Amino acid sequence: MVKLFVRKDTFYLLEVIVFHWRKKLLPAKRGICIVKFDDRLGPGCLYQIGIDRQFAQKVSVKSHISTMALTSSQNTQDEFIESVIPFLDEGYIAYSNYFFIKDSSSRGGRKTIGIVALVDKSEQMLLYKSIPELSTAIKQIAQELIKSNITSDRDITSEIKEQMQKLLKLESLQLDFDSKNDSIQMIKERVLKEEKKHILEADLEDKIISEGSFDFLFLKVPEGLEKVVFALLKNERVLVFGRKQEISLTLATLRWFLPHKKLYNDVWTVPLVDAEALFSRHEDSVTLHVLGIESSLYKDIFQQTSDTPIKQPHSSMETFQTEQPASLPFQSMVIINLDTSEVTGGLSNGFCKQLVQSIKGRTFDEVLKKISEQIEYLLERVFDLIILVLDEADKPSFEQFIENAIEGEITLLTAIISDTNPHVFQKLLESFKKHKLPLEILT
C-alpha cells in the first residue's frame, strides 16, 4: 500500500510538473487585428496576427458594430474611440481602438480604421493593467496608418508589422510618460537646485515598496477599511497621515486592492520630501489613488471638521494635474490617520465590506488570492453588463442583472466601465434612463 501511495504521489507530481512546463512553453493565446470599414463591403480585417482569418473577420464585424453602437447616439468628435469588448464564446477579451482617416470618397468624408488587441480570457487582469501602455502604443501605430492613408493591406509596412508584433507582448510594453511631463521635470530641477538630492537618495531604500502587511493594516485600521477599499475601486483619493515608515507600509499594502491597475509611486512626482503617493498613469493623465503625508503636516493641510469642505494640498494635487475643483465635500475623501487608527469620511459598500471580512485572519498569500478572485469576478460581471448594453437589452434583462448582483456590486461595475469604457458608460446611462431604472444604483 505504501509503495502504491508513493507511486501515485510521484505520478501526480510528474503531472503537475508537465502541466506547468507545457504552460510555460506554450505561447499565450493573443492576437492583433487591423480593421477597415468599407461603405460597400462592410467591416473587414486588413491584417491579423495570432488568430485565423475566420475569427479575424468576426472580430472586425463585432468590434466595428460595437464601436458604431457606442457613438451613433452621441455624435462623438473623439479622435480615438477606445473600448473593451468580450468575445466570450471564443474565450477572448479585446481592447479596441478606432480612429478616422480623411477620405472624400467615403461616407461622411472619412474612413474608419480600428486596431484590436485580443488576449485569452484568463489574462483579463493583465489586459486591464496594460491599457495605458497599449493605448499609447496603438495610437502611435495609428498615426503611421493615418500618415500613409491606408487603403489596403499593401499599405502596411514592415515597420508597422513589427510594431504590431510588439503589442502581443503586453508584459514588456513600456512607455516613458515623464519624458513629456514638464511639471515632473520642473520638480526634479527644483529639488536638485535646493540641494536636497542627497536627502532623497538617503531615503530611497526606505521608500522601496515591499510586499506590505495585512496584519499591520488591520491593526492600524481596525474599523472602516471597507470605506478605503471602496474609494480605491471607485478611483477616489485616499489620504494617509502617519509616520514615514508606517505610510510606506500602508501604501504597499493598499496597492493589492487594485490588482487590475499598474501602480507607481515614483518619489519624483511628489514635490514634498515628506510625502509619498500611489497612482496609476495614462499618456496624458495621472490618477492619484493614495497620498501619504507625514503627521507633522496634518494641521497645516487640513482643518478636520465634519461639516467644513476640505481643501486639497495645493502643491501635490497640482502636480497630479487633477481636474477636480479646489475643494471637495468631506464625504468624498477618505482619510486614514495612522496615529489614532481612525478612518474619516468615505462611504461604506456591501461588496467591499464582505471582501474585507473575508480576508481577516488569512495568510498573506490567501489574502492576495481572495482579492484577485473578487476583482476577477467584478471584471467578468463588467463584461456581462457590457454585453447587455451593446445588445440594447430590454428592461427585464437589466432588472434581472441588478437582482442577481451582490449588494454594492453595481456601483463598482459602473466605476470600472466609466474608467476603461467611457462610451459604454454613456450608453449604460442612456439605457437606464430609457427603461426608467434607478440611476442612483450606478453611483
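Predicted model only: the values in this text are computed from it and were never measured. (Residues numbered from 1 in each chain as written. Predicted model: local features only at pLDDT ≥ 70, side-chain atom pairs only at ≥ 80, totals over all residues. Heavy atoms only, no water.)

**Student:** Whenever I open this one, the environment of Leu 233 confuses me. Can you help?
**Tutor:** With respect to the secondary-structure elements, Leu 233 resides in helix α8 (residues 225–233). Apart from residues lying up to four places away in sequence, Leu 233 is in contact with Phe 257, Leu 258, His 260, Cys 352, Ile 375, Leu 412 and Ala 415. (Helix = DSSP H or I, 4+ residues; strand = E, 2+ residues; numbered from the N terminus. Contact = heavy atoms within 4.5 Å.)

**Student:** How should the pairing of strand β2 (residues 42–49) be read in this particular structure?
**Tutor:** Two faces belong to every sheet, and in a regular strand the side chains alternate between them. Of all the eight residues making up β2, seven are buried; the element is thus mostly covered by neighbouring parts of the structure. Pairing geometry for strand β1 (residues 30–38) and β2, over seven bridges, is antiparallel. By the bridge assignment for β2, Lys 36 is matched with Gly 44. Between β1 and β2, which pair antiparallel and follow one another directly, the connecting turn spans three residues. (Buried < 20%, exposed > 50% of the residue type's maximum accessible area, 1.4 Å probe, protein only. Pairing = 2+ DSSP bridges.)

**Student:** It is not clear to me how helix α15 (residues 409–420) should be interpreted in this structure. Could you clarify?
**Tutor:** Since the α-helix packs 3.6 residues into each turn, any two residues three or four apart lie on the same face. The terminal C-alpha atoms of α15, which comprises twelve residues, lie 17 Å apart, in line with the 16 Å expected from a rise of 1.5 Å per residue. By the criterion of burial, α15 is predominantly enclosed, with ten of the twelve residues buried. Among the residues of α15, those classed as buried are Glu 409, Ile 410, Thr 411, Leu 412, Leu 413, Thr 414, Ala 415, Ile 416, Ile 417 and Thr 420. The inward-facing, buried residues of α15 abut α3 (124–147), α8, α12 (350–359), α13 (364–390), α14 (395–404) and α16 (422–434). (Expected span 1.5 Å × (residues − 1).)

**Student:** Would you explain the sheet that holds strand β11 (residues 334–337) in this entry?
**Tutor:** The strands making up a sheet associate through backbone hydrogen bonding, with each pair oriented either parallel or antiparallel. Spatially, β7-β8-β6-β11-β12 is the arrangement adopted by the five strands of the open sheet, whose pairing is mixed. Both edges of this open sheet fall to β7 (275–282) and β12 (342–344), since each of them pairs with a single strand only. For this sheet, the mean angle separating the axes of adjacent strands, direction not counted, is 15°. Both β7 and strand β8 (residues 285–294) contribute to a ladder of eight bridges, which runs antiparallel. In the sheet register, Phe 279 faces β8, and the bridge partner there is Leu 288. Where α8 meets the sheet, its contacts fall on β6 (238–242), β8, β11 and β12, and the angle it forms with β11 comes to roughly 135°. Running at roughly 145° to β8, helix α9 (residues 244–254) makes contact with β6, β7, β8 and β11 of the sheet. (Axes fitted to C-alpha atoms, helices over the stretch in contact; angles between N-to-C directions.)

**Student:** Help me understand the packing of aromatic side chains, please; the structure alone is not making it clear to me.
**Tutor:** Geometry of an aromatic ring pair is reported as the spacing of the ring centres plus the angle between the planes. Counted by the stated rule, this structure contains ten aromatic pairs. Connected via pairs of aromatic rings, a cluster forms that spans Phe 214, Trp 256, Phe 257 and Phe 364. The aromatic ring of Tyr 264 is capped on one face by Arg 281, whose charged end is 5.5 Å from the ring centroid. Arg 381 extends its terminal NZ or CZ atom over the ring of Phe 401, reaching a point 3.9 Å from the ring centre. (Phe/Tyr/Trp six-rings, centres within 6.5 Å; stacked < 30°, edge-to-face > 60°. Lys NZ or Arg CZ within 6 Å of the ring centre and 35° of its normal.)

**Student:** Mind showing me how you'd approach the pattern of salt bridges here?
**Tutor:** A side chain of one charge can pair with a side chain of the opposite charge when the charged atoms of the two come close. Evaluation of the coordinates by the stated rule reveals 14 salt bridges. Linking Glu 380 and Lys 121 is a salt bridge whose minimum nitrogen-to-oxygen distance equals 3.2 Å. Of this pair, Glu 380 sits in helix α13 while Lys 121 sits in the loop between β5 (110–120) and α3, and the two are 259 residues apart along the sequence. We classify Glu 380 as partly exposed; its relative accessible area is 34%. One connected set of salt bridges, linked through shared partners, spans Lys 220, Arg 243, Glu 246 and Asp 339. (Salt bridge = Lys/Arg side-chain N within 4 Å of Asp/Glu carboxyl O.)

**Student:** I keep staring at the packing of α13 against α16 and nothing clicks. Help me out?
**Tutor:** Across the interface, α13 lies against α16 with an axial gap of 10 Å and an inter-helix angle of 65°. The way α13 lies across α16 gives a crossing that is left-handed. Where α13 abuts α16, its residues Leu 385, Ile 386 and Val 389 lie against Val 424, Lys 427 and Leu 428. Within the contact of α13 with α16, the residues separate by chemical class into five nonpolar, no polar and one charged. (Left-handed = near helix turned anticlockwise from the far one by under 90°. Nonpolar A, V, L, I, M, F, W, Y, C, P; charged D, E, K, R; others polar.)

**Student:** Can you walk me through unusual backbone geometry in this structure?
**Tutor:** Positive phi, normally seen in glycine, also occurs at Ser 341, with a value near 55°. Summarising the element assignment, Ser 341 is placed in the loop between β11 and β12. Using a relative accessible area of 26% as the deciding quantity, one classes Ser 341 as partly exposed. Positive phi, normally seen in glycine, also occurs at Lys 436, with a value near 55°.

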